[in-house]
Amino acid sequence: MRHYTSADEPEVARIFRETLCLGRPLDFPLLGMDRYQRLCLNWFLRHGSDDVGVYEEDSRVHGYVLVCTDLASYHRWAARTALAWTTQVVFGLAFGRLRDQDARFHRLRLRDGWTTARHAPSAPMPALVHVNLDRSARNTGAAQALLRFADQRCAAAGREGWFAEINTRNHRASALAAIGLHSIHSQPSHTLSWLLNEQVNRLTVVHTVGEPIGRATSAPAVPEAVAVPEAVAVPEAVSETEAGSPSSTATEASQTRELLAHQGTDTITTS
């Protein structure tokens, strides 16, 4: 685990593209991918790079964590950049430059952005975090290392906690709580639901700096496969009966691994 340098940007971009569709790449070449990637990554890599970390093993980057401890700067940049991106998309749709799958992807991203702007909570914590891993780093301690790096950067900046937006399929709220992430909002991800042909929701989760990562006071230890995901179906709280059963514990651990294994970075909170 180490700090990001500009030499890591190609690897960060690789992981971003390879995991864009809930841990998988898109199954079609997206027109405007470079522009979309810049929208999602550039503030962190250009303006907030001191708070970006990478997980490296065998001289290769396998994951990254994007941490924003200056939300005012981020929101100013995002407002300008998202407006420029939206304008280009609208013109592309109006004049037929975006067609078929490209057109549907961009329409749904606009729809998701509108839904988030209207309904998602506004900055429930003073810092924003995104974690992403390639396939080779899943079911390892990489995700926990990245989340702890986020805690360290937030603590150094005097931030009491952070929030993240994650997409996931099926999981229990207690699986998130067991790794120190607490869901406070859920909404459909129309883009990912279309791409995966199944219900996907975006969750907003919060974490308090210093709260144990990978273990909750009322839940068993979770295997070392922790990372921050993104959304499907409002998580269902586990009942006391289920929580006490060995099969439920095993299922929950498996769901947690799955949750963390399929993180795609979707970093613009207005999208």
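Overview of the structure. Since we're looking at a predicted model, the values are computed, not measured.

Calculation rules
- Residues numbered from 1 in each chain as written.
- Predicted model: local features only at pLDDT ≥ 70, side-chain atom pairs only at ≥ 80, totals over all residues.
- Heavy atoms only, no water.
- Axes fitted to C-alpha atoms, helices over the stretch in contact; angles between N-to-C directions.
- Helix = DSSP H or I, 4+ residues; strand = E, 2+ residues; numbered from the N terminus.
- Parallel < 35°, antiparallel > 145°, perpendicular 65-115°, else oblique.
- Left-handed = near helix turned anticlockwise from the far one by under 90°.
- Contact = heavy atoms within 4.5 Å.
- Nonpolar A, V, L, I, M, F, W, Y, C, P; charged D, E, K, R; others polar.
- Expected span 1.5 Å × (residues − 1).
- Buried < 20%, exposed > 50% of the residue type's maximum accessible area, 1.4 Å probe, protein only.
- Core = buried A, V, L, I, M, F, W, Y, C linked by side-chain atoms within 4.5 Å.

**Side note on the packing of helix α1 (residues 9-18) against helix α2 (residues 33-47)**
Now for step 1: In the contact formed by α1 and α2, the axes pass within 11 Å of each other and the chain directions differ by 130 degrees. When the axis of α1 is compared with that of α2, the two are oblique. Pair α1 / α2 crosses with right-handed handedness. Contacts from Glu9, Val12, Ala13, Phe16 and Arg17 of α1 reach α2 at Met33, Asp34, Tyr36, Gln37, Cys40, Leu41, Leu45 and Arg46.
Now for step 2: For the contact of α1 with α2, the per-class residue count stands at eight nonpolar, one polar and four charged.

**As for the packing of helix α3 (residues 71-94) against helix α4 (residues 100-119)**
Now for step 1: For the pair α3 and α4, interaxial distance at closest approach is 10 Å and the crossing angle is 135 degrees. Overall, the two elements α3 and α4 adopt an arrangement that is oblique. By crossing handedness, the relation of α3 to α4 is classed as left-handed. Where α3 abuts α4, its residues Trp85, Thr86, Val89, Val90 and Leu93 lie against Ala103, His106, Arg107, Arg109 and Leu110.
Now for step 2: Classifying every residue of the contact of α3 with α4 gives six nonpolar, two polar and two charged.

**Some words on helix α5 (residues 142-156)**
Now for step 1: If you check α5, its first and last C-alpha atoms are 21 Å apart, about what 15 residues at 1.5 Å a residue would give, namely 21 Å.
Now for step 2: Residues Ala142, Ala143, Gln144, Leu146, Leu147, Phe149, Ala150, Asp151 and Cys154 constitute the buried set of α5.
Now for step 3: Tucked into the core, α5 has its buried residues touching β1 (2-3), β2 (52-57), β3 (60-68), β4 (128-133), β5 (161-168) and β7 (201-208).
Now for step 4: Of the residues one or two after α5, Gly158 is the one with positive phi, at around 75 degrees.

**So, α4**
Now for step 1: With 20 residues, α4 extends 28 Å from end C-alpha to end C-alpha; this agrees with the ideal 28 Å at 1.5 Å per step.
Now for step 2: Those residues of α4 lying buried are Asp102, Ala103, Phe105, His106, Leu108, Arg109, Asp112, Gly113, Thr115 and Thr116.
Now for step 3: Here the buried face of α4 lies against α2, α3, β5, β6 (182-188), α7 (190-196) and β7.

**Here we look at the nonpolar core**
Now for step 1: By size, the foremost hydrophobic cluster in this structure holds 42 residues, and its most contacted members are Leu26, Tyr36, Leu41, Phe44 and Tyr64.
Now for step 2: Tallying contributions element by element places α2 first for this core, with eight residues.
Now for step 3: Excluding residues within four positions of it along the chain, Leu26 makes contact with Arg17, Leu20, Cys21, Met33, Phe105 and Leu195.
Now for step 4: Counting residues in each nonpolar core, the second largest holds 24 residues, with Ala143, Leu146, Ala164 and Ile213 among its members.

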